[in-house]
Amino acid sequence: MTINPDAKMDESQNGTEIYSTDPLIVKSTYSIDYIHSYAQDSEFFRALGKKKLMGSRCKKCHYGFATPRSHCMMCGAETEWVELPTKGKIHSYTTCYFGSEVFLPQTPFNLVLVEFEGFDSLFMARLIGAEQDDMYVGMPIVAKFKRLQSFSPTDVYFVPAKGSEKKPSAAVKKNKR
Amino acid sequence: MKHKGRKVYMVSGGVTKFAKSTPDMDFRLRVKKAFDYALNDVGLTINDIDGSVASYFSDHFQRQLMSGIMVQDYLGLTPKPSKRVEGGGATGGLSFQTGYEEIASGRMDTCAVYGFESMSHVNTWKGNEFIALASDTNFDYPVGGFYTGYYAMMAVRHMHEFGTTVEQLAKVSIKNHENALNNPYAQSPMKLTVEDVRNSPMVSYPLTRLDVCAMSDGAAVAILASEEKAFEITKHPIEITGIGTGTDTMRLADRPFGKVPLLPNEKPSDYRDLKYPGIHSFRAGRSAAKEAYEAAGITDPLKELDAVELHDAYTSSEIQTYEDLGLCKYGEGGQFIEEGKSKLNGKVPVNFSGGLLACGHPVGATGIMQGVFMFWQLQKTIKKHFKSDKLQLNNPKRGLIHSHAGTGTYVTVSIMEVPK
């Protein structure tokens with residue numbers, strides 16, 4: 001006999017945080033651990049531990065990507081891994097004074113898009129050792145690698161090259177088309 | 001690309017007032033309000049609607065998957081056909097075009113395109129995190145994780161290439177917030193000066209708080225119809241004469257440095273030394289415009305367009321978009337705003353409604369909101385819906401709406417016209 005008219009559901013004593021009763025607004029929490037694979041891009045993250053920045057070059061059309069991608073977006077052929085130079089130039093930059101919640105404690109921080117000699121596309125990274133007013137388009141910068149890897153693209157970051165201070169003449173070009 | 005389908009018209013629209021937070025209504029009720037407004041405006045009932053398209057961007061904001069079907073069910077549109085369309089910030093524009101395709105293909109005679117977003121369920125910085133998850137989470141998100149930062153780098157490069165100034169950016173903010181003073185649906189109408197914009201807190205250099213749109217709760221609905229149905233429903237339908245969609249790489253770093261795809265009013269000598277798009281321009285915006293102009297037969301956009309509602313999530317994006325749309329040449333966007341060409345009384349009023357900067361940006365609703373405002377503008381019913389005719393243009397015949405996703409990954413352009 002399994003029928004029990006006196007059955008009672010278990011209750012939790014955790015309670016619920018309430019922000020407002022009209023309308024009723026309650027706190028709801030969500031967190032999750034992902035089993036995230038870097039798949040065909042794994043080599044990029046492993047190489048950062050060996051102080052190497054890896055890009056991709058198309059085997060067929062030789063287009064050079066400063067980011068990993070195993071197939072060429074120009075012709076669709078397979079690419080191969082190639083080592084990028086550790087010296088580059090600022091293609092563009094910004095300083096973030098606000099950010100996403102996880103990065104708020106790190107503000108202000110600098111973002112740069114880096115151009116490398118012999119490569120057709122750019123690479124996004126953090127730059128330290130310079131403030132907003134110190135950075136300029138064309139500034140020579142150098143890659144540095146963290147000793148303790150977190151297997152994130154932030155295992156590599158950039159610093160200004162020696163002697164890269166802004167020259168007084170480094171003014172903005174006007175209305176060039 | 002040739003568009004060979006049936007003619008498509010917009011017959012009605014509705015928008016809720018966009019607001020930072022509206023906890024007394026959920027997304028279903030907000031859409032219902034915009035939907036009823038649209039139905040009542042032309043005397044339709046739910047029985048007149050053949051199917052729908054649901055437009056919303058993120059499942060994260062509400063932690064509710066399949067929000068689309070919940071709206072479909074709340075509106076009483078089940079068991080009719082519907083689908084959800086998603087493409088970041090361009091979700092609204094893509095959904096509007098999906099509605100167009102439902103009619104053009106002959107599948108439906110009437111289609112309700114409804115869009116919504118409820119961004120107030122998390123704080124602003126968590127919201128920024130959710131939006132940044134729409135950048136490459138292996139390579140870009142862990143480094144910066146902030147869309148304003150990505151756009152700021154594009155703006156810096158535009159300033160470097162073309163000499164665009166922060167004062168020119170500020171003028172976009174001033175224009176759009178001022179236009180919104182006469183739009184009762186806008187979230188943040190205000191009168192501003194260049195100093196106000198430059199002195200507001202720096203978010204990501206060179207973009208200040210007033211160069212960036214806000215997060216919002218909101219909903220918008222557009223009802224589209226076939227030619228026969230459209231003229232049965234209203235004396236003044238507006239024809240959608242062309243749609244275009246462009247795409248670009250997810251990672252900003254991967255954008256190529258090639259040649260400008262030219263519009264009919266441009267020649268190769270205009271851009272001899274310009275490496276395109278790099279990160280200074282939105283190639284997807286140019287592709288979308290090119291496709292839509294071909295379909296609508298537009299060869300000189302500045303002359304042939306009477307109004308533009310474009311995706312100004314950032315002031316810099318508006319300037320970049322003038323150029324993508326061919327309202328001026330690449331490099332002249334800064335001058336375009338400087339000379340007042342996009343003002344209400346300028347050559348082509350851009351964002352007469354106040355745009356995203358002043359109306360707000362509840363992502364899935366935004367691109368549809370633009371469609372509704374343009375519909376009312378071309379119908380000359382601004383007074384009826386805004387309770388003021390200050391934003392009604394004199395005799396607008398043809399308008400363009402433009403929707404845009406993260407750093408220009410998806411961009412849509414749709415052309416709307418008063419039928420001849």
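Above this note sits the structure.
These lines cover the structure that appears in this document, whether it is placed above or below.

## Some thoughts on the environment of Val11(B)
Residue and element names in this part refer to chain B.
Alright, step 1. Assignment of secondary structure puts Val11 in strand β1 (residues 8–15).
Alright, step 2. Each C-alpha atom of the pair Val11 and Pro189 lies 28 Å from the other, and the pair is 178 residues apart in sequence.
Alright, step 3. If we skip the residues at most four places from it in the chain, Val11 touches Val42, Ile223, Ala225, Ala230, Ile233, Thr234, Pro237 and Phe375.

## Examining the sheet that holds strand β5 (residues 79–83) of chain A
Residue and element names in this part refer to chain A.
Alright, step 1. Pairing is antiparallel across the open sheet formed by 3 strands, whose spatial order is β4-β3-β5. Of all the strands in the sheet, the pair left with one neighbour each is β4 (64–65) and β5.
Alright, step 2. In this sheet, β5 lies alongside strand β3 (residues 54–58) in antiparallel orientation, the contact comprising 5 bridges. The residue of β5 that forms the bridge with Met54 is Glu83.

## Re the pattern of salt bridges
All names here are of chain B.
Alright, step 1. Across all of its chains, the model carries 30 salt bridges over all chains by this definition.
Alright, step 2. Measuring nitrogen to oxygen at the nearest pair gives 3.6 Å for the salt bridge that ties Arg255 to Asp248.
Alright, step 3. Using a relative accessible area of 11% as the deciding quantity, one classes Asp248 as buried.
Alright, step 4. Overlapping salt bridges, with partners in common, bring together Glu304, Arg398, Glu417 and Lys420 in one network.

## Regarding the interface of chain B and chain A
Alright, step 1. Each partner contributes residues to the interface: chain B has 51 residues there, and chain A has 52 residues.
Alright, step 2. Buried surface at the junction of chain B and chain A, both sides included, amounts to about 4500 Å², of which 61% is carbon and sulfur.
Alright, step 3. In terms of surface lost to chain A, no three residues of chain B exceed Phe139(B), Val143(B) and Met153(B), which account for 15% of the buried area on that side.
Alright, step 4. Remark: the boundary between chain B and chain A carries 2 salt bridges.
Alright, step 5. Close ionic contact of Arg69(A) with Asp254(B) constitutes a salt bridge, the shortest N to O distance being 3.4 Å.
Alright, step 6. Between chain B and chain A we count 24 residue pairs in polar contact (both at pLDDT 80 or more) in total.
Alright, step 7. Those elements that place two or more of their residues in the side of chain B that touches chain A are α4 (124–132), α5 (147–162) and β5 (202–204) of chain B.
Alright, step 8. Looking at the side of chain B that touches chain A, the element that brings in the most residues is α5(B), giving 10 residues.

## A few points about the packing of helix α1 (residues 27–42) of chain B against helix α2 (residues 67–75) of chain B
Packed helices, taken two at a time, are described by their axes: the angle between them and the distance between them.
Residue and element names in this part refer to chain B.
Alright, step 1. It is the contact of α1 with α2, at a shortest axis distance of 9 Å, that shows an interaxial angle of 50°. Overall, the two elements α1 and α2 adopt an arrangement that is oblique. Considering how the two elements wind past one another, α1 and α2 form a crossing that is right-handed. In this structure, α1 contributes Phe27, Arg28, Leu29, Val31, Lys32 and Phe35 to the contact, and α2 contributes Ser67, Met70, Val71, Tyr74 and Leu75.
Alright, step 2. When grouped by side-chain class, the residues that make up the contact of α1 with α2 number 8 nonpolar, 1 polar and 2 charged.

## Quick notes on the pairing of strand β3 (residues 82–85) of chain B
Residues and elements named next belong to chain B.
Alright, step 1. Pairing of strand β2 (residues 51–55) with β3 involves 4 bridges; the strand directions are parallel. When the sheet's bridge partners are listed, Val53 is paired in β3 with Lys83.
Alright, step 2. For the crossover that starts at β2, traverses α2 and ends in the parallel β3, the hand is right-handed.

## As for the pairing of β1(B)
Residues and elements named next belong to chain B.
Alright, step 1. For β1, the buried fraction is high: 8 of the 8 residues fall into the buried class.
Alright, step 2. Relative to strand β8 (residues 238–247), β1 runs antiparallel, the two being bridged by 3 bridges. Residue pairing across strands places Met10 opposite Ile238, the latter belonging to β8.
Alright, step 3. Relative to strand β7 (residues 217–226), β1 runs antiparallel, the two sharing 7 bridges. The residue of β7 that forms the bridge with Ser12 is Ile223.

## Quick look at the packing of aromatic side chains
All names here are of chain B.
Alright, step 1. This model, assessed by the stated rule, comprises 29 aromatic pairs over all chains.
Alright, step 2. Residues Tyr185 and Phe373 carry aromatic rings whose centres are separated by 6.0 Å and whose planes lie at 50° to one another, so their mutual orientation is tilted. You can see Tyr185 sitting in the loop between α6 (166–179) and α7 (194–199) and its partner Phe373 sitting in helix α14 (residues 363–379), a full 188 residues away along the chain. Phe373 matches Tyr185 in its accessibility class, with the two residues each being buried.
Alright, step 3. On the basis of an interplanar angle of 50° and a centroid distance of 6.2 Å, the ring pair of Phe373 and Trp376 is categorised as tilted. Of this pair, Phe373 and Trp376 both sit in helix α14, 3 residues apart, which is roughly one turn of the helix. Both residues of the pair, Phe373 and Trp376, belong to the buried class.

Parameters and conventions
- Residues numbered from 1 in each chain as written.
- Chains lettered and ligands numbered in written order.
- Predicted model: local features only at pLDDT ≥ 70, side-chain atom pairs only at ≥ 80, totals over all residues.
- Heavy atoms only, no water.
- Helix = DSSP H or I, 4+ residues; strand = E, 2+ residues; numbered from the N terminus.
- Contact = heavy atoms within 4.5 Å.
- Pairing = 2+ DSSP bridges.
- Salt bridge = Lys/Arg side-chain N within 4 Å of Asp/Glu carboxyl O.
- Buried < 20%, exposed > 50% of the residue type's maximum accessible area, 1.4 Å probe, protein only.
- Buried area = accessible area lost by both parts, 1.4 Å probe.
- Polar contact = N/O pair within 3.5 Å; in protein donor to acceptor, adjacent residues only side chain to side chain.
- Axes fitted to C-alpha atoms, helices over the stretch in contact; angles between N-to-C directions.
- Parallel < 35°, antiparallel > 145°, perpendicular 65-115°, else oblique.
- Left-handed = near helix turned anticlockwise from the far one by under 90°.
- Nonpolar A, V, L, I, M, F, W, Y, C, P; charged D, E, K, R; others polar.
- Right-handed = clockwise from strand over helix to strand, strands pointing away.
- Phe/Tyr/Trp six-rings, centres within 6.5 Å; stacked < 30°, edge-to-face > 60°.

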